[in-house]
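Report on the structure
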Amino acid sequence: MEYNKIEKTYNSFKREEFADYFSLIGSEKEKGYYEGNGWKVHVGDEEKLQFRTFDLPSVKLTIIVREDIRDQFMRDLMISFLKGGG
């Protein structure tokens with residue numbers, strides 16, 4: 001089975017939000033590394049992104065996911081981390 005590597009950076013979410021999410025759908029193998037059926041994720045350190053007069057948290061995810069579950073995995077991740085504003 002083929003695996004894909006995807007790197008995504010999320011702004012305005014804290015690192016612990018990703019840790020909580022991936023702990024729910026998988027398990028933490030070592031600090032910052034999560035694994036589930038057909039996927040592995042490294043949750044990077046939280047950095048600060050300066051946006052005009054305020055800072056936003058920024059977290060980089062490195063995702064290795066089996067090709068046959070990639071689309072659904074990424075869709076679930078996207079839905080879990082949608083934010084509305086206005």
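Let me begin by describing the structure that accompanies this report. Worth saying up front: this structure is predicted, and the values here are computed from it rather than measured. (Residues numbered from 1 in each chain as written. Predicted model: local features only at pLDDT ≥ 70, side-chain atom pairs only at ≥ 80, totals over all residues. Heavy atoms only, no water.)

**As for the overall build of the chain**
- Of the regular secondary structure elements, the chain holds two helices and five strands.
- Beginning at the N terminus, the succession of helices and strands in the chain can be written as β-α-β-β-β-β-α.
- Summarising its shape, the C-alpha atoms of the chain cover approximately 45 × 30 × 20 Å along the three principal directions.
- Taking all contacts inside the chain whose residues are at least 6 apart in sequence as the whole, residues at least 24 apart take part in 60%.
- Charged side chains in the chain number 14 positive and 16 negative. The centres of these two groups are separated by 3 Å. (Helix = DSSP H or I, 4+ residues; strand = E, 2+ residues; numbered from the N terminus. Contact = heavy atoms within 4.5 Å. Lys, Arg positive; Asp, Glu negative; His and termini not counted. Charge placed at Lys NZ, Arg CZ, Asp CG, Glu CD.)

**Re the packing of aromatic side chains**
- Summed over the entire model, instances satisfying the criterion amount to 12 aromatic pairs.
- Taken together, a centroid distance of 6.1 Å and an interplanar angle of 35° make the contact between Phe 22 and Tyr 34 tilted. Highlighted residues: Phe 22 in helix 1 (residues 15-25) and Tyr 34 in strand 3 (residues 33-36), separated in sequence by 12 residues.
- With a relative accessible area of 0%, Phe 22 lands in the buried category.
- Judged by its relative accessible area of 3%, Tyr 34 is buried. (Phe/Tyr/Trp six-rings, centres within 6.5 Å; stacked < 30°, edge-to-face > 60°. Buried < 20%, exposed > 50% of the residue type's maximum accessible area, 1.4 Å probe, protein only.)

**A short note on the sheet that holds strand 5 (residues 54-66)**
- The antiparallel open sheet is built from five strands, whose spatial order is 1-5-4-3-2. Only two strands of the sheet have a single neighbouring strand rather than two, namely strand 1 (3-11) and strand 2 (27-30). The mean inter-strand angle of the sheet, taken between neighbouring strand axes irrespective of direction, is 30°.
- Direction of pairing for strand 2 relative to strand 3: antiparallel, over a ladder of three bridges. Residue pairing for strand 3: Glu 28 is matched across the bridge by Tyr 34.
- Helix 1 rests against strand 1, strand 2, strand 3, strand 4 (39-51) and strand 5 of the sheet, and its axis sits at about 165° to strand 4.
- Relative to the sheet, helix 2 (residues 70-80) contacts strand 1, strand 4 and strand 5, its axis offset from that of strand 5 by approximately 160°. (Pairing = 2+ DSSP bridges. Axes fitted to C-alpha atoms, helices over the stretch in contact; angles between N-to-C directions.)

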